Amino acid sequence: MEETERELAAAAQSEGDGIVELESTEELPMGTEDHWKVLFDQFDPANTGYISTEKFRNLLQTHGSELEPHKLEVLLALADSNSEGKVCYQDFVNLMSNKRSNSFRRAIHLGNCRLRANSLLEETGLTLTQRFIRHIAYETLPRGLDRKWYYDSYTCCPPPWFMITVTILEIAVFIYYGLVLDKWVLQVTHPAYLKNPLVYQPQFRSQVWRYLSYIFMHVGVEHLGFNVALQLLVGVPLEMVHGALRISFVYLAGVLAGSLTTSVADMTAPVAGSSGGVYALVSAHLANVVMNWSGMRCQFKLIRMGIVMICMSLEFGRAVWLRFHPPAHPSCAHPSFVAHLGGVMVGVTLGVVILRNYEQRLHEQAIWWIFVLVYLVFVFFAILWNIFAYSLLEIRLLAPA
């Protein structure tokens with residue numbers, strides 16, 4: 001069986017799909033596995049682990065009523081597409097346990113007609129929730145295979161808690177400081193704004209939490225509104241598809257890159273706002289759409305991309321203007337715009353890899369390790385820069401007024 005699995009992995013790799021190895025069946029309830037093992041053995045008395053596709057179809061026709069419709073559909077596609085004439089029990093169990101095995105992907109790539117790219121669009125009688133999930137699938141995933149799998153397996157458990165939690169905290173902190181400062185627009189012009197313990201300030205760069213905590217501080221309601229809108233419109237759907245772990249990694253990597261890039265390229269400026277993380281997510285999504293343009297089925301994608309690019313450009317232009325506009329208090333520099341650029345760089349590198357490899361093991365992707373290594377080298381360089389560069393370059397930093 002191990003030899004056959006290696007052959008399946010090699011065949012999938014030759015199709016250019018970058019498939020990971022077959023996964024174990026630890027998550028499959030033992031009762032279900034034993035039940036199907038008994039049925040499978042009825043057609044495999046010699047216990048070889050394989051049965052012919054004809055016998056496999058007979059098994060499904062006899063016991064197909066016990067399966068969920070989408071699982072039966074996938075298994076029939078496997079039988080129809082198996083050019084080797086036999087079906088492996090391990091592949092069968094992997095499919096039954098909702099695992100995306102090599103055989104499943106091979107079935108799709110070898111030309112089965114059951115899971116067509118537009119099959120979801122043809123389904124009728126869907127509830128509002130089902131239509132929403134289908135919409136998310138077409139908005140974020142370029143391949144019909146991935147869209148179908150996501151639609152059939154998504155349970156909204158857990159919900160997209162990370163982006164929602166971050167957004168709530170950002171709004172709460174902004175309201176708090178709006179009440180304390182009695183100022184809701186251009187809060188950075190208030191003398192006490194930069195005295196809070198959350199904003200990244202080069203004077204306090206040894207306080208390491210500031211490299212991340214600055215996302216909770218915004219310079220005004222327009223700054224907060226833009227970031228919150230993009231987090232909810234782009235970040236939440238991405239988290240629903242790719243999970244909190246992957247999306248939080250992209251978001252926080254963009255946030256950290258934003259503050260570190262500012263500390264290197266704009267050494268005297270503070271940083272405020274979640275633009276680093278937001279730009280990482282949005283740039284990763286836009287790059288993924290561009291790279292998979294023909295496969296993306298989202299409506300009006302060109303117009304929507306244009307609108308997003310215009311909004312991002314306007315927000316970036318506002319940040320540039322604010323950085324170089326003469327501050328009301330000369331001792332307090334305005335926040336830097338460089339964090340936006342750091343977020344974009346994370347998005348088009350690490351973010352693209354994460355969004356492209358839907359539910360595949362990232363640690364088996366060579367390009368993933370290359371980008372992670374480059375990111376870690378940059379972080380290490382920025383740490384050394386913050387320790388030594390200010391004194392070597394004789395940069396003078398004024399304490400906040």
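On a predicted model such as this, the values are computed, not experimentally measured, just so you know.

A. Spatial organisation of the side chain of Ser259. Here Ser259 lies in helix H12 (residues 221-265). Within the local environment of Ser259, its side chain forms a polar contact with the backbone oxygen of Tyr211, the two atoms lying 3.0 Å apart. Setting aside residues up to four positions removed in sequence, Ser259 forms contacts with Tyr200, Tyr211 and Tyr214.

B. A look at the environment of Arg143. Among the secondary structure elements, Arg143 is positioned in the loop between helix H8 (128-140) and helix H9 (144-153). According to the relative accessible area criterion, Arg143 is partly exposed, its value standing at 23%.

C. Structural view of the packing of aromatic side chains. Within the structure shown, the criterion is met by 10 aromatic pairs. Plain terms: the ring middles of Phe381 and Trp385 are 5.7 Å apart, the flat faces sit at 45° to each other, and that makes the pair tilted. Placement of the pair is Phe381 and Trp385 together in helix H16 (residues 366-392), with a separation of 4 residues, close to one helical turn. A relative accessible area of 42% means that Phe381 is categorised as partly exposed. The rings of Trp161, Phe162 and Tyr251 are connected pair by pair, giving a single aromatic cluster. In this structure, Arg205 is placed above the aromatic ring of Tyr390, and the distance from its NZ or CZ to the ring centre is 3.7 Å. Here Arg323 stacks its cationic end above the ring of Phe324, 5.8 Å away from the centre of that ring.

D. View of the pattern of salt bridges. Going through the model one piece at a time under the given rule, you end up with 3 salt bridges. Across the pair Arg323 and Asp266 runs a salt bridge, and its minimum N-O distance is 2.9 Å. Separated by 57 residues along the polypeptide, Arg323 in helix H14 (residues 301-324) and Asp266 in the loop between H12 and helix H13 (275-291) bring together distant segments of the chain. Asp266 shares its class with Arg323; the two are buried. Here Arg318 and Glu315 are joined by a salt bridge, their closest N and O atoms 3.0 Å apart. Of the two residues, Arg318 and Glu315 both sit in helix H14, 3 residues apart, roughly one turn of that helix.

E. The arrangement of the packing of helix H10 (residues 161-181) against H12 in detail. Taken N-terminus to C-terminus, the directions of H10 and H12 make an angle of 155°; their axes are 7 Å apart at the nearest point. It follows that H10 is roughly antiparallel to H12 by the angle criterion. Considering how the two elements wind past one another, H10 and H12 form a crossing that is right-handed. Each residue belonging to the contact of H10 with H12 can be placed in one class, and the counts come to 16 nonpolar, 4 polar and 2 charged.

F. Expanded view of the environment of Leu126. By the element assignment, Leu126 lies in the loop between helix H7 (119-122) and H8. Look past the residues within four positions of Leu126 in its chain and what remains in contact with it is Arg131, Arg134 and Tyr151.

G. Fine view of the confidence of the model for the chain. With 76% of its residues at a pLDDT of at least 70, the chain reaches an overall mean of 79. When pLDDT is averaged over each element of the chain, helix H11 (residues 210-213) comes out on top at 96 and helix H1 (residues 2-14) at the bottom at 40. For residues 1-31, every residue scores under 50 in pLDDT, and the model assigns this stretch 53 contacts once sequence neighbours within four places are set aside. Segment residues 106-117 is flagged for pLDDT under 50; beyond a separation of four residues in sequence, or across chains, it makes 33 contacts in the model.

H. Spatial organisation of unusual backbone geometry. Of note, the amide linkage connecting Cys157 to Pro158 takes the cis form, showing an omega dihedral of 5°. The residue Pro158 is located in the loop between H9 and H10 in this model. Its identity as a non-glycine residue notwithstanding, Asp182 has a phi of 55°, on the positive side. Along the chain, Asp182 turns up in the loop between H10 and H11. Since its relative accessible area comes to 65%, Asp182 is described here as exposed.

I. Representation of H10 in the model. Taking 1.5 Å of rise per residue, 21 residues should cover 30 Å, and H10 covers 30 Å from first to last C-alpha, within 8% of that figure. Listing the buried residues of H10 in full gives Phe162, Met163, Val166, Thr167, Glu170, Val173, Phe174, Tyr177, Gly178 and Leu181. On an axial view of H10, the arc spanned by its buried residues comes to 135°, and they lie on one face. Set apart from the buried face of H10 by more than 90 degrees, the exposed residues are Ile168, Tyr176 and Leu179. Where H10 is buried, its residues contact H12 and H13.

J. Fine view of the packing of H13 against H14. Where H13 meets H14, the closest approach of the two axes is 12 Å, and the angle between their N-to-C directions is 150°. Considering their axes alone, H13 and H14 lie roughly antiparallel with respect to each other. Where H13 crosses over H14, the handedness of that crossing is left-handed. Every residue of H14 that contacts H13 at Ser275, Tyr279, Val282, Leu286, Val289 and Val290 is listed here: Met305, Val308, Met309, Met312, Glu315 and Phe316. A per-class count over the contact of H13 with H14 returns 10 nonpolar, 1 polar and 1 charged.

Cut-offs used in this document
Residues numbered from 1 in each chain as written. Predicted model: local features only at pLDDT ≥ 70, side-chain atom pairs only at ≥ 80, totals over all residues. Heavy atoms only, no water. Helix = DSSP H or I, 4+ residues; strand = E, 2+ residues; numbered from the N terminus. Polar contact = N/O pair within 3.5 Å; in protein donor to acceptor, adjacent residues only side chain to side chain. Contact = heavy atoms within 4.5 Å. Buried < 20%, exposed > 50% of the residue type's maximum accessible area, 1.4 Å probe, protein only. Phe/Tyr/Trp six-rings, centres within 6.5 Å; stacked < 30°, edge-to-face > 60°. Lys NZ or Arg CZ within 6 Å of the ring centre and 35° of its normal. Salt bridge = Lys/Arg side-chain N within 4 Å of Asp/Glu carboxyl O. Axes fitted to C-alpha atoms, helices over the stretch in contact; angles between N-to-C directions. Parallel < 35°, antiparallel > 145°, perpendicular 65-115°, else oblique. Left-handed = near helix turned anticlockwise from the far one by under 90°. Nonpolar A, V, L, I, M, F, W, Y, C, P; charged D, E, K, R; others polar. pLDDT = per-residue confidence, 0-100. Expected span 1.5 Å × (residues − 1). Arc of directions from axis to C-beta.

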